[in-house]
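# An overview of the molecular structure
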Amino acid sequence: MKNILLTGFEPFGGDALNPSEEIARQLNGITIARHRVEGALLPCVFGAAIKELKHQIKLHEPALVICLGLAGGRAEITPERVAINVDDARIADNAGQQPIDRPVVKDGPAAYFSTLPIKAIVQELRAKEIPAAVSQTAGTFVCNHVFYGLMHELALHQKRVRGGFIHVPYLPEQTADKPSLPYDKMIEGITLAIETAVEYRRDVKAAGGQSS
Ligand code: PCA
């Protein structure tokens, strides 16, 4: 059976938990669309996160890589369209680093597009009434850093492996006033996103933008 690598992040910025970590742990070891999910945890640390990601890719030799992260404040599950070659941290990472206007990869391309079927994922999630939208930016913190590191690694060394990044909202218990999504909806949504990524080798042409 082929593997899918599904990564989540440890908590950061003073949060007690990170839904992306919980999802990667919960789906670890299960079979989705004839693939075995290998869940892994990445540190919320510039540099070390990409190092661990590359280690996990070597270990599991996945056919597909999906990295998850928390985007506090967003109301939808958001497949990211593009990773940019910029680290520009608004807060320190979990090792106290705060890079400003630094490339992820020196002399690397300005950006990489996700090779996940991002519109198909949004379409399938919406059909099941799970809030979803394509996001045009993964920010410039550790999530974009890992997304760029992933796509750079795949472009250079694993051309047949597809990959991308999906941000998830807060869990209801994490916030009183910001949008959130219940845990079971997140699990259902990411399971469906994985299925869709396996089934759709090519993306669909459909509207998938954010509602707000
Ligand atoms: N979210 C942060 C980093 C880790 C995470 O889960 C981000 O969006 O960059």
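Now for a description of the structure that goes with this document. Because the structure is predicted, anything quoted here is derived from the model rather than measured.

### Observations concerning the site of the ligand
Taken together, Phe9, Phe12, Asn18, Cys44, Gly69, Leu70, Phe141, Val142, Cys143 and His167 make up the full set of residues adjacent to the ligand. One of the side-chain N or O atoms of asparagine 18 is found 2.9 Å from an oxygen atom in the ligand. The contact in question runs from an oxygen atom of the ligand to an N or O atom on the backbone of valine 142, over 3.5 Å. Protein contact buries 94% of the 260 Å² of open area that the ligand shows by itself. Tallied by class, the residues present in the shell around the ligand amount to seven nonpolar, three polar and no charged.

### Focus on the packing of aromatic side chains
Per the stated rule, a full pass over the model turns up four aromatic pairs. Relative to tyrosine 148, the ring of tyrosine 112 lies with its centre 5.1 Å away and its plane at 55°, an arrangement referred to as tilted. Pair noted here: tyrosine 112 is in strand β7 (residues 111-113) and tyrosine 148 is in helix α4 (residues 142-157), with a separation of 36 residues, a long-range link. For the pair phenylalanine 147 and phenylalanine 165, a centre-to-centre distance of 6.0 Å together with 40° between the ring planes defines the contact as tilted. Placement of the pair is phenylalanine 147 in helix α4 and phenylalanine 165 in strand β8 (residues 162-168), with a sequence separation of 18 residues. Comparing phenylalanine 147 with phenylalanine 165, the two get one shared label, buried. Site record: aromatic cluster; members linked through ring pairs are Phe12, Phe46 and Phe141.

### Some words on helix α5 (residues 183-199)
Along an α-helix, a turn takes 3.6 residues, which lines up residues three or four apart on a common side. With 17 residues, α5 ought to run about 24 Å at 1.5 Å a step, and its terminal C-alpha atoms sit 24 Å apart, in line with that. Of all the residues in α5, the buried ones are Met186, Ile187, Gly189, Ile190, Thr191, Leu192, Ala193, Ile194, Thr196, Ala197 and Val198.

### Overview of the sheet that holds β8
Hydrogen bonds along the backbone pair up the strands of a sheet, which may run parallel or antiparallel. Ordered in space as β2-β3-β1-β4-β8-β5, the six strands form an open sheet in which the pairing is mixed. The open sheet has two edge strands with one neighbour each: β2 (31-32) and β5 (78-79). The sheet contacts of helix α2 (residues 48-60) involve β1 (2-9), β3 (35-42) and β4 (64-70), and relative to β1 the element is tilted by about 160°. Contacting β1, β2, β3, β4 and β8, α5 runs over the sheet at an angle of about 160° to β8.

Conventions adopted
Residues numbered from 1 in each chain as written. Predicted model: local features only at pLDDT ≥ 70, side-chain atom pairs only at ≥ 80, totals over all residues. Heavy atoms only, no water. Near = heavy atom within 4 Å. Polar contact = N/O pair within 3.5 Å; in protein donor to acceptor, adjacent residues only side chain to side chain. Areas by Shrake-Rupley, 256 points an atom, 1.4 Å probe, with all protein chains shown as cover. Nonpolar A, V, L, I, M, F, W, Y, C, P; charged D, E, K, R; others polar. Phe/Tyr/Trp six-rings, centres within 6.5 Å; stacked < 30°, edge-to-face > 60°. Helix = DSSP H or I, 4+ residues; strand = E, 2+ residues; numbered from the N terminus. Buried < 20%, exposed > 50% of the residue type's maximum accessible area, 1.4 Å probe, protein only. Expected span 1.5 Å × (residues − 1). Pairing = 2+ DSSP bridges. Contact = heavy atoms within 4.5 Å. Axes fitted to C-alpha atoms, helices over the stretch in contact; angles between N-to-C directions.

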